[in-house]
Amino acid sequence: MDLFESLTAKIANKNYKIVFPEGTEPRIIGAAARLNADRVLKPILLGNEADIHQIASAKGFNLAGITIIDPATYPSEGFAAMVTAFVERRKGKATEEQAQTILKDPNYFGTMLVYMDLADGMVSGAVHSTGDTVRPALQIIKTKPGVHRTSGAFIMQRGRDNERYLFSDCAININPNAQELAEIAVESAKTAELFDIDPKVALLSFSTMGSARGDEVTKVQEATKIAHELAPDLAIDGELQFDAAYVPVVANQKAPDSKVAGQATVFVFPELQSGNIGYKIAQRFGNFEAIGPILQGLNKPISDLSRGSNEEDVYKLAIITAAQALQTT
Ligand SMILES: CC(C)(COP(=O)(O)OP(=O)(O)OC[C@H]1O[C@@H](n2cnc3c(N)ncnc32)[C@H](O)[C@@H]1OP(=O)(O)O)[C@@H](O)C(=O)NCCC(=O)NCCS
Ligand SMILES: CC(=O)OP(=O)(O)O
């Protein structure tokens, strides 16, 4: 079964509420209208109601039954409760006065709806940068016990036979150290399983099993060792060049003893430059559909779109976000 058919079946009838802070963006409105019409989930659009309806009617989108919340006119009691919850969560890092201003930002407002269980997940980033989209989640939702860093994974899929992989971290950690990279690898395996990918995890480098030297290579070697300690039962190996990880004949030559080389399904990049560039090359040259970034390791699901996303990407990432909610509700 197609991944999205199977995820849609899993979340059907759960009525998950997914909040979209960029409620006046046509790609968001279009995706929300479809998600609502398909009865996949309950979208909440943030923004000025008149503006949203005007854009929807110009584009022919039907918003009947969709909740619209305008943070500017949110009931004062509800806003006061939000301010109190935010100040308490930030523990001395924001005053009440600062909170009043911060919570006017739609990404903070939407994240607070999730934190306060008024929504089950959030999808944003079609207009905002990743930093502006995820910072509220890092500060408010925070990571699950035992996870130190959230990271951003992409499901990469292509073709009718559902060729599907996971790439990470393509979104968050600019230069993770060995410990952080190991944790990203282990979290990525869990994300892969959630989306029906059998995790065989390759820690990528420009070196395969010591073929080159340098601090960058040592970091990946150390991360592989730590990842083995963190998850001894996981199929995980490194350091591997991409061809050694992906192409069986190259794997035979470069890493003949590896149980991952040549058959990797989860590709962990050594730092963000290569991760972000790598997924976009596979997407734009390789015709892979890139769904994400899916934020891993957070207490509740928050997803960050690429600003290059289209309506279909928004639709699919909302389904992924609701599917993550299955794990947390
Ligand atoms: C994600 C990012 C915005 C966070 O940067 P930042 O806001 O400057 O982070 P700070 O160091 O000020 O930390 C802010 C808070 O987030 C937390 N945090 C930062 N990075 C985190 C991570 N990876 N996981 C979990 N928490 C994190 C900090 O602990 C801090 O929490 P606190 O305020 O409760 O103490 C930054 O790492 C970044 O810009 N990454 C690249 C994003 C990007 O452009 N990607 C490419 C396109 S997808
Ligand atoms: C994930 C990503 O690269 O996001 P953007 O294209 O918005 O920078």
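Residues numbered from 1 in each chain as written. Chains lettered and ligands numbered in written order. Predicted model: local features only at pLDDT ≥ 70, side-chain atom pairs only at ≥ 80, totals over all residues. Heavy atoms only, no water.

What follows deals with the UniProt feature "domain: Phosphate acetyl/butaryl transferase" (unreviewed entry) in the chain. Per the UniProt record, the feature "domain: Phosphate acetyl/butaryl transferase" (unreviewed entry) sits at residues 4-322. For residues 4-322, helix accounts for 45% and strand for 17%, while the C-alpha atoms at its two ends are 12 Å apart. (UniProt positions renumbered as here; feature names shortened; annotations may be inferred. Helix = DSSP H or I, 4+ residues; strand = E, 2+ residues; numbered from the N terminus.)

In this section: the site of ligand 1. By nearness alone, 18 residues border ligand 1, and Arg90, Lys93, Arg135, Thr150 and Ala171 come closest of all. One of the side-chain nitrogen or oxygen atoms of Lys142 is found 3.3 Å away from an oxygen atom of ligand 1. In this structure, Thr150 approaches ligand 1 through a main-chain N or O atom, which is 2.8 Å from a nitrogen atom. A per-class count over the shell around ligand 1 returns six nonpolar, seven polar and five charged. (Near = heavy atom within 4 Å. Polar contact = N/O pair within 3.5 Å; in protein donor to acceptor, adjacent residues only side chain to side chain. Nonpolar A, V, L, I, M, F, W, Y, C, P; charged D, E, K, R; others polar.)

Further remarks concern the packing of helix α6 (residues 106-115) against helix α7 (residues 130-141). As a packed pair, α6 and α7 sit with axes 9 Å apart at the nearest point and diverge in direction by 35°. Along this stretch, α6 crosses α7, giving a crossing that reads as right-handed. Of the residues in α7, those touching α6 at Asn107, Tyr108, Thr111, Met112, Val114 and Tyr115 are Asp132, Thr133, Arg135, Pro136, Ala137, Gln139, Ile140 and Ile141. Along the lines of polarity and charge, the residues of the contact of α6 with α7 split into eight nonpolar, four polar and two charged. (Axes fitted to C-alpha atoms, helices over the stretch in contact; angles between N-to-C directions. Left-handed = near helix turned anticlockwise from the far one by under 90°. Contact = heavy atoms within 4.5 Å.)

Around ligand 2 sit Thr130, Phe154, Asn276, Tyr279, Lys280, Pro293, Ser306 and Arg307, and those are all the residues in its vicinity. In this structure, an oxygen atom belonging to ligand 2 sits 3.0 Å away from a side-chain N or O atom of Asn276. The separation between an oxygen atom of ligand 2 and a polar side-chain atom of Lys280 is 2.8 Å. Relative to its free-state accessible area of 260 Å², ligand 2 is covered by the protein chains to the extent of 88%. For the shell around ligand 2, the residue count by class is three nonpolar, three polar and two charged. (Areas by Shrake-Rupley, 256 points an atom, 1.4 Å probe, with all protein chains shown as cover.)

The subject of this paragraph is the pairing of strand β8 (residues 235-240). Among the six residues that make up β8, five are buried, leaving the element largely enclosed by the rest of the structure. In the sheet, strand β7 (residues 200-204) pairs with β8 via five bridges, with the strands oriented parallel. Paired with Ala202 across the two strands is Asp237, which belongs to β8. Handedness of the β-α-β unit built from β7, helix α9 (residues 215-230) and β8 comes out right-handed. (Buried < 20%, exposed > 50% of the residue type's maximum accessible area, 1.4 Å probe, protein only. Pairing = 2+ DSSP bridges. Right-handed = clockwise from strand over helix to strand, strands pointing away.)

Taken together, the side chains of Ile277, Ile281 and Phe285 present a nonpolar region at the surface, about 360 Å² in accessible area. Take Phe285: it is sitting in the loop between α12 (272-284) and β10 (289-296). (Patch = residues over 30% accessible without salt bridge, like charges linked within 9 Å, V, L, I, M, F, W, Y side chains within 5 Å. Salt bridge = Lys/Arg side-chain N within 4 Å of Asp/Glu carboxyl O.)

This part is about the pairing of strand β1 (residues 17-20). Both faces of the sheet carry side chains from a regular strand, because those side chains alternate between them. In terms of strand pairing, β1 meets strand β2 (residues 42-46) through four bridges, oriented parallel. Within β2, the position partnered with Lys17 by the bridge is Lys42. Between the parallel elements β1 and β2, the chain passes through helix α2 (residues 26-37) in a crossover that is right-handed. Relative to strand β4 (residues 121-124), β1 runs parallel, the two being bridged by two bridges. Looking at the pairing, Ile18 lines up with Gly121 of β4.

What follows concerns the environment of Leu203. Looking at where Leu203 falls in the secondary structure, it is placed in strand β7. For Leu203, a relative accessible area of 0% corresponds to the buried category. Not counting chain neighbours up to four residues away, the residues in contact with Leu203 comprise Leu181, Ala185, Val220, Ala223, Thr224, Ile236, Asp237, Gly238, Glu239, Leu240 and Val268.

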